[in-house]
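Report on the structure
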Amino acid sequence: MHVLRPQFRIEEARALEFAAQRGFGMIVAADERGPRASHVPFVLDRRDGRTIVQIHFTAKNPLVPLADGKRRFLLIVAGDDAYISNDWYSSRDNVSTWLYEAVHLSGVAHLRGQDENRGHGDALLAVAEARLPKAPWDLAQMEPDKRESMLAAIRVVDLVVDQVEGQTKLNQHKSDADHVAVAGRLARSEESGHRRLARKMQALRPELLYELP
């Protein structure tokens, strides 16, 4: 019989891998007026044994002056999510819920010098372009004056990560029959994110028999 599992936290290495693969999230910090947030692409790096999230803002973004080397920032990296209706389960009297994956990375943010803008842009594009089925585009292909104008308009920030929190909710605590029933529903969905969640659910219990769409 399958052992029932509680909702569990993702171990740090997997959480960082998940964040790196996503490469996009929401970063939050607070000033005297309250929380400030921006949606940002990012790259992960390891330097001197530390995990660094490097992001950029436009120069006028209110988060820029908050990256003072003392204030803590939080980066929220969300994956796919799906609403699960209570009548999708094979057993009765379940509660409707949401399945999801998410990672929180937090630490102190440091504003970098503008001489690092080009290196950040190159690194960010290299990661993003590598995901596409084409020859990669890079900043060297851009008209030089336009490129320098765009680079001068951003500010690069390093988030030195000291806390990693990853959580996944993929019906780990449900019975095999309920797990299969919900995975089957998601696999037949028209939403690509739902189908990705279905594949992850199947990977959690590969020994079970799943309905193929």
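Look above for the structure.
None of these values were measured; they are calculated from a predicted model.

Okay, the overall build of the chain next. When its secondary structure is counted, the chain shows 5 helices and 8 strands. When the elements of the chain are put in sequence order from the N terminus, they spell out β-α-β-β-β-β-β-β-α-α-β-α-α. Across the 213 residues that make up the chain, the buried fraction comes to 41%. The contacts of the chain with a sequence gap of at least 6 include a subset with a gap of at least 24, amounting to 72%.

Note that strand 6 (residues 68-84) and strand 7 (residues 97-111) share 12 bridges and pair antiparallel. Bridge assignment links leucine 74 to a residue of strand 7, and that residue is serine 106.

Moving on to the side chain of aspartate 80. Its place among the elements puts aspartate 80 in strand 6. Take aspartate 80: its relative accessible area is 15%, and that puts it in the buried class. In terms of polar contacts, aspartate 80 uses its side chain to reach the side chain of arginine 196, at 2.8 Å. Discounting chain neighbours no more than four positions away, the residues touching aspartate 80 are Leu99, Tyr100, Glu101, Gly193, Arg196 and Leu197.

Residue position: histidine 194 is located in helix 5 (residues 192-204). As for histidine 194 and glycine 69, which are separated by 125 residues in sequence, their C-alpha atoms are 39 Å apart. Excluding residues that lie within four positions of it along the chain, histidine 194 makes contacts with Asp81, Ala82, Leu186 and Ser189.

Each aromatic ring pair is specified by the distance between its two centres and by the angle formed by the two planes. Within this structure, the stated rule accounts for 1 aromatic pair. Between lysine 174 and the ring centre of tyrosine 89, over which it is positioned, the NZ or CZ distance is 4.8 Å.

Turning next to the side chain of glutamine 172. Mapped onto the fold, glutamine 172 is located in the loop between strand 8 (154-169) and helix 4 (176-187). Within the local environment of glutamine 172, its side chain forms a polar contact with the backbone oxygen of threonine 168, the two atoms lying 3.1 Å apart. Side-chain polar atoms of glutamine 172 contact the backbone nitrogen of leucine 170, separated by 2.8 Å.

Here helix 1 (residues 12-22) has its buried residues at Ala15, Leu16, Phe18 and Ala19. Along helix 1, the residues classed as buried sweep out an arc of 155 degrees about the axis, all on the same side. Facing away from the buried side of helix 1, by more than 90 degrees, are the exposed residues Ala13 and Gln21. Directly after helix 1, the chain includes glycine 23, whose backbone phi takes a positive value near 70 degrees.

Below, the discussion takes up the environment of leucine 125. Residue position: leucine 125 is located in helix 2 (residues 117-129). The contact partners of leucine 125, leaving out residues within four places of it in the chain, are Ala130, Trp137, Asp138 and Leu139.

Reading guide: rules and limits
Sequence order as written defines residue numbering, which begins from 1 separately in each chain. pLDDT decides what is reported in this predicted model: residues at 70 or higher carry local features, side-chain atom pairs at 80 or more are listed and counted, and totals for whole chains, interfaces and linings draw on all residues regardless. Only hydrogens and water are removed before side-chain values are computed, so all heavy atoms of the structure are retained for them. For the purposes of this entry, the term helix denotes a DSSP run of H or I that reaches at least four residues, the term strand denotes a run of E that reaches at least two, and both are numbered from the N terminus. Think of it in three bands: with a 1.4 Å probe and only protein chains considered, a residue is buried below 20% of the maximum accessible area for its type, exposed above 50%, and partly exposed in between. Any pair of residues with heavy atoms lying within 4.5 Å of one another is described as a contacting pair. Paired strands, in this sense, are two strands between which DSSP finds at least two bridges. Residues adjacent in sequence count toward polar contacts only when both atoms are side-chain atoms; beyond that, a polar contact is any pair of N or O atoms within 3.5 Å, and within protein one must be able to donate a hydrogen and the other to accept it. Pairing of aromatic rings covers Phe, Tyr and Trp, the last counted by its six-membered ring, and requires centre-to-centre distances within 6.5 Å; plane angles under 30 degrees mean stacked, over 60 mean edge-to-face, and any other angle means tilted. Only when the NZ atom of a Lys or the CZ atom of an Arg is both within 6 Å of the ring centre and within 35 degrees of the ring normal do we say a charge sits over the ring. An arc is given here, and it is the one of the directions from the helix axis to the C-beta atoms.

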